[in-house]
Amino acid sequence: MPQFDFANVFWPQVAWLAVLFVVLYFGVVRMTLPKLGKVMEQREDKIAGDIAAAKAAKETADEVDARYHAEMNASREQARAAIAAAKADAAKASEARLAEAGAKAEARVAEAEARIATAVKAAEGKLADAAAESAQAIVAKLTGVEPKLDAAKQTVAAQL
Amino acid sequence: MANPMEQFAVKTIKPLEVAGYDVSFTNSSLWMLFALLAVSAFLFIGTAKPQLVPGRAQAAVEYLYDFVRKMLDENVGPEGRRFAPLIFAVFIFVLACNLLGMIPWVGSFTPTSHISVTLGLALLVFVTVCIVGFARHGLHFFSLFWPSGSGIALGAFVFVIEFLSFLSRPFTLAIRLFANMTAGHVLLKVFGTFVVTLGSFGALPYVGGILPLGVIVALTALEVLIAVVQAYVFALLASLYLNDAINLH
């Protein structure tokens, strides 16, 4: 095997390997790869930054959404409260008006009743007078003695 | 019948001598140079204009670079990132040598089928591991070989074994790659000669060569796979050894 003919193949190969590898490492790999490494790092940073930005944007959106819902709920509550208050106000107002009207009507009824009562009393007085006069006349006709009007009135009042 | 070992012969293209050492430019050097040029083209085109959204060439380089970085992250941890360029260089050089050696017709030579080359690369890894280990931990680096929670006698025994196994690492690393490449190419060459010998059987020409030809096609696919896997294994073991030096278990 020519590989083990070290006397003839070792130094020429090792010497050229050393030279070429030094050129490869310092002249090629060290010249090119760091550029690439920088770009790869930049890319990783950019991707990480983009993901962070997207996450932040999503958080903001969630926050806005939550605030929107909270505000919606609050205004809904407010509206409900306003409706309830308006309803209560309306009920109270109509109650007051009803009460007022009722009071007025009652007053009128009481007035009318009072008038009726006076009228009845007057009518009763007149009736008694008429009855006394009738009784006086009747007694006068029957007995020929005209009783005194006051006595007749007293008798009628006692009889009624 | 051609000798299947002939393909591994190192042929001098331009004789050179430095300080008494023979450092001739050979076909092995030529194909290492091709590997260097291929890797250079791949890397310089891929990183000519690095962009946040990569094009095809950049995506290809990034894929390999990311592959090496992930391997180091998994096996060494965050401190392994510093060695990504080195491991990447070893990985892509071995990969390029392995794959260029698979090209038929053009008389390609596989430098990684020579133990001199693989041992050179393995020693590079080994020396790096030793330097990193002693630089980070000083003499405490030797505790890597000491089993925790054992007596002095057993500990010393295990220490010797562990130390020898540590010293044998560059050789196992080198021999694994060299043996895989050599065996694959020998196998391909043997079946190639089968195609010729069986196909030139006078009474029934060509027919006999069909079966070994089919086998050689399948073997070529397997060898391409091995070329990639062995480059990966080399880089993976290098990062595991680095992990020992950096984290001491």
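Structural notes, computed from the coordinates. Note that this is a predicted model, so its numbers are computed, not measured. Throughout, residues of each chain are indexed from 1 in the direction in which the sequence is written. In the order they appear in the text, chains get letters beginning with A and ligands get numbers beginning with 1. Per-residue local features of the predicted model are confined to residues with pLDDT of at least 70, and side-chain atom pairs are confined, for both listing and counting, to 80 or more; whole-chain, interface and lining totals are unaffected and use all residues. Each side-chain value is worked out from all heavy atoms of the structure, with water and hydrogens disregarded.

**What to know about the overall build of chain A**
Secondary structure elements are taken from DSSP: a helix is a run of H or I of four residues or more, a strand is a run of E of two residues or more, and numbering for both begins at the N terminus. On a plain count of helices and strands, chain A comes out with 2 helices and 0 strands. For the radius of gyration, the atoms used are the C-alpha atoms, and the globule rule reads 2.2 Å times the number of residues raised to 0.38. Radius of gyration (C-alpha) of chain A: 63 Å, far over the 15 Å computed for a compact globule of 160 residues. Projected onto the principal axes, the alpha-carbon positions of chain A cover approximately 195 × 30 × 15 Å. Per-residue accessibility, obtained with a 1.4 Å probe over protein chains only, is compared with the maximum for each type, and a residue is labelled buried under 20%, exposed over 50%, and partly exposed between these values. The burial tally for chain A puts 16% of its 160 residues in the buried class. As used throughout, the charge tally considers Lys and Arg to be positive and Asp and Glu to be negative, leaving His and the chain termini uncounted. All charge positions are set by atom: Lys at NZ, Arg at CZ, Asp at CG, Glu at CD. With 21 positive and 22 negative side-chain charges, chain A shows a spacing of 3 Å between the two charge centroids.

**Re unusual backbone geometry**
All names here are of chain B. Positive phi outside glycine occurs at Ala 19, with the angle close to 50 degrees. Looking at the secondary structure, you find Ala 19 in the loop between strand E2 (17-18) and strand E3 (21-22). Accessibility expressed as a relative area gives 72% for Ala 19, which makes it exposed. You will see that Trp 105, though not glycine, has its phi angle at about 75 degrees, which is positive. Tracing the backbone shows Trp 105 in the loop between helix H3 (84-100) and helix H4 (115-137). Under the relative-accessibility criterion, Trp 105 is labelled exposed at 87%.

**Thoughts on the packing of helix H1 (residues 6-143) of chain A against helix H2 (residues 56-75) of chain B**
Where H1 of chain A contacts H2 of chain B, the two axes come as close as 11 Å, and the packing angle between them is 85 degrees. Considered as vectors, H1 of chain A and H2 of chain B are oriented roughly perpendicular to each other. In this structure, H1 of chain A uses Leu 33, Leu 36, Gly 37, Val 39, Met 40, Arg 43 and Glu 44 of chain A to contact H2 of chain B, whose residues at the interface are Gln 58, Val 61, Glu 62, Tyr 65, Asp 66 and Arg 69 of chain B. Residue classes follow a fixed rule: Ala, Val, Leu, Ile, Met, Phe, Trp, Tyr, Cys and Pro count as nonpolar, while Asp, Glu, Lys and Arg count as charged, and any other residue, Gly among them, counts as polar. Looking at the contact of H1 of chain A with H2 of chain B, its residues break down into 6 nonpolar, 2 polar and 5 charged. Angular values range over 0 to 180 degrees, each being the angle between N-to-C directions of two axes fitted as lines to C-alpha atoms, with helices fitted over their stretch in contact. In what follows, roughly perpendicular refers to angles from 65 to 115 degrees, roughly parallel to angles under 35, roughly antiparallel to angles over 145, and oblique to any angle outside these ranges. By the convention used here, residues are in contact when the closest approach between their heavy atoms is within 4.5 Å.

Note that every value here comes from positions in space, so none of it alone points to a role or purpose.
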